[in-house]
Amino acid sequence: MADVAEKAGVSRALVSIIFRNQAGAARETRERVLRVADEIGYRPDSAARLLARGRSRTLGVMFTVHQTFHTDLITGIYPEAERLGYDVLLSGATHGRSEAKAIEALLSHRCEAVILLGPDADPAYLDALGQRTVAVSVSRRVPEARVDFVHSAEGKGVRQAMDHLVELGHRRIVHIDGGRGPGSAERRRAYRAAMRRHGLGGEARVIPGHHTEESGVETGRLLLGERDAGRPMPTAVLAGNDRCAMGLLMALTRAGVEVPRDLSVVGYDDSHLSHLMPIGLTTVRQDALLMAEHAVRFAVERLQDKELQPREAVLDPKLVVRGTSGPVPG
């Protein structure tokens, strides 16, 4: 450029001055733009840049509103996703908003993979979803669907809880079922198997329910009504999850039943609310942090390797003994 300018009669010194002035003007313009951007609160749209490259680097998470264990899982999902360079987008399912709608909302926002917390959808739907995108199911195992699975060994957790109660002398142990909730079928089978193993098959009783506080309250009213009619109360209850156990405790406490003096209660999940009660809940702990880490890694690894087949991670649960379980009354 300088040679061309010199041939045109312009000195090298003048060309150098022109270039310096242009560079200085560009630098000043850039600083002015950044100053104005800062004043108006502008932030670069990294999502738009990624979408322009055909990537969103976002993991969608479908969860059920009011399920406290899902909150614990989400708490673990965020740091692991960030560590691997991914953002997280949440979409909740609740009354009036189905799981399918929550999932479709994630896909419409260009999520590269979806992590489903305790999905209740039909296996056919989950399989079809797994054909469309990378999907991970947490807390529910659906072998016929093409999705990854992360769950705890439900049977092992129930066996620990039942062995604990039997060692305390309990024989009349009832189980509040979780309906279609994640892990419910496995926990129900494990309860019945444990009762048979301890020679208590004739005492086994499964009370229909759900993974909600309302279900625990209703069961409490049922048992209290039976007591008032002259039937013996069970000495221990294995609830379908912590929320159900808490509802049961509320109903019993209001009626003057002392736990664990009169009746022992064991939950399942070890959600954060189980630590906040006036009397700590004995429960089976699922490692929410470890489950969340596995779910994120499964999703990211399959995004990185399209040939990778869906996998399964089965984590060991652990009984946590607190204040709601004690020796059999009398």
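The rules behind these values
Residues numbered from 1 in each chain as written. Predicted model: local features only at pLDDT ≥ 70, side-chain atom pairs only at ≥ 80, totals over all residues. Heavy atoms only, no water. Helix = DSSP H or I, 4+ residues; strand = E, 2+ residues; numbered from the N terminus. Buried < 20%, exposed > 50% of the residue type's maximum accessible area, 1.4 Å probe, protein only. Contact = heavy atoms within 4.5 Å. Areas by Shrake-Rupley, 256 points an atom, 1.4 Å probe, with all protein chains shown as cover. Phe/Tyr/Trp six-rings, centres within 6.5 Å; stacked < 30°, edge-to-face > 60°. Lys NZ or Arg CZ within 6 Å of the ring centre and 35° of its normal. Expected span 1.5 Å × (residues − 1). Pairing = 2+ DSSP bridges. Axes fitted to C-alpha atoms, helices over the stretch in contact; angles between N-to-C directions. Salt bridge = Lys/Arg side-chain N within 4 Å of Asp/Glu carboxyl O. Parallel < 35°, antiparallel > 145°, perpendicular 65-115°, else oblique. Left-handed = near helix turned anticlockwise from the far one by under 90°. Nonpolar A, V, L, I, M, F, W, Y, C, P; charged D, E, K, R; others polar. Right-handed = clockwise from strand over helix to strand, strands pointing away. Core = buried A, V, L, I, M, F, W, Y, C linked by side-chain atoms within 4.5 Å.

Moving on, we get to the overall build of the protein. From N to C terminus, the protein includes 11 helices and 12 strands. Here the protein, with 330 residues, has 47% of them falling under the buried criterion. In the protein, the proportion of contacts linking residues at least 24 apart, taken out of those at least 6 apart, comes to 68%. Here the protein has roughly 16600 Å² of accessible surface; of this, 53% comes from carbon and sulfur atoms.

On inspection of all chains with the given rule, the structure shows 0 aromatic pairs. Of note, R57 hangs over the ring of Y86, and the distance from its end group to the ring centre comes to 4.2 Å. Geometry around Y268 places R187 over its ring, the cationic atom sitting 3.9 Å from the centre.

Helix length check: helix α9 (residues 213–228) (16 residues) gives 23 Å between terminal C-alpha atoms against 22 Å at 1.5 Å per residue, within 8%. If you check which residues of α9 are buried, you get S215, G216, V217, T219, G220, L223, L224 and E226. Along its buried surface, α9 packs onto β6 (173–176), β7 (205–207), β8 (236–238) and α10 (242–254). G230 lies just past α9 and shows a positive phi near 100°.

So, on to the sheet that holds strand β1 (residues 58–64). Here 6 strands make up an open sheet; going across it, the order is β2-β1-β3-β4-β5-β11 and the pairing parallel. The open sheet has two edge strands, β2 (87–93) and β11 (312–315), and neither has a second partner. With strand direction ignored, the average angle separating the axes of adjacent strands in the sheet is 15°. Two elements, β1 and strand β3 (residues 113–117), share 4 bridges in a ladder whose sense is parallel. Residue pairing across strands places M62 opposite L116, the latter belonging to β3. Against the sheet, helix α4 (residues 68–83) touches β1, β2, β3 and β4 (134–138), its axis set at about 175° to β1. Most of the contacts of helix α5 (residues 99–108) go to β2, to which it runs at about 155°, and overall it touches β1, β2 and β3.

All chains considered together, the criterion is met by 21 salt bridges. One salt-bridge network, held together by shared partners, links D270, R285, D287 and R322.

Residues V259 and P260 are joined by a peptide bond in cis, for which omega reads 10°. Relative to the elements of secondary structure, P260 occurs in the loop between α10 and β9 (264–269). The backbone phi angle of R57 is positive, close to 50°, even though this residue is not glycine. Residue classification places R57 among the partly exposed residues on the basis of a relative accessible area of 25%. Phi angles above zero are rare outside glycine, and S139 is one such case at about 80°.

Attention now moves to the packing of helix α7 (residues 154–167) against helix α8 (residues 184–197). Viewed as axis vectors pointing N to C, α7 and α8 meet at an angle of 40°, and their least axial separation amounts to 8 Å. One element, α7, and the other, α8, form an angle in the oblique class. As α7 packs across α8, the resulting crossing turns out to be right-handed. For the pair α7 and α8, the contacting residues are E154, G155, V158, R159, M162 and D163 in the first and E186, R187, A190, Y191, A194, M195 and R197 in the second. Considered class by class, the residues forming the contact of α7 with α8 number 6 nonpolar, 1 polar and 6 charged.

Before going further, it helps to spend a moment on the sheet that holds strand β12 (residues 318–320). Within the open sheet, the 6 strands sit side by side as β7-β6-β8-β9-β10-β12. Their pairing is mixed. Every other strand in the sheet has two partners, leaving β7 and β12 as the edge strands with one partner each. Taking each pair of neighbouring strands and ignoring which way they run, the sheet shows an average axis angle of 25°. Pairing of β8 with β9 involves 3 bridges; the strand directions are parallel. Paired with A236 across the bridge in β9 is S264. Together, β6, β8, β9 and β10 (282–285) form the strand contacts of α10, whose direction differs from that of β9 by roughly 155°.

Before going further, it helps to examine the environment of E104. Position of E104 among the secondary structure elements: in helix α5. Each C-alpha atom, one on E104 and one on L129, is 9.9 Å from the other, the two residues being 25 residues apart in sequence. Leave out the neighbours within four places in its chain, and E104 touches Y125 and R132.

A separate point is the pairing of β1. The buried count for β1 comes to 6 of 7 residues, which makes it a mostly enclosed element. Taken together, β1, α4 and β2 constitute a β-α-β crossover, and its handedness is right-handed.

By size, the foremost hydrophobic cluster in this structure holds 28 residues, and its most contacted members are L59, I77, I115, L117, V136 and V138. Listing elements by their share of this core, those giving two or more residues are β1, α4, β3, β4, α11 (288–304) and β11. For this core, the element with the highest residue contribution is α11, accounting for 9 residues. Residues within four places of I115 in sequence aside, it is in contact with G60, V61, M62, I77, V136, V138, A295 and V296. With 20 residues, the next largest nonpolar core counts I176, A239, A245 and L249 among its residues.

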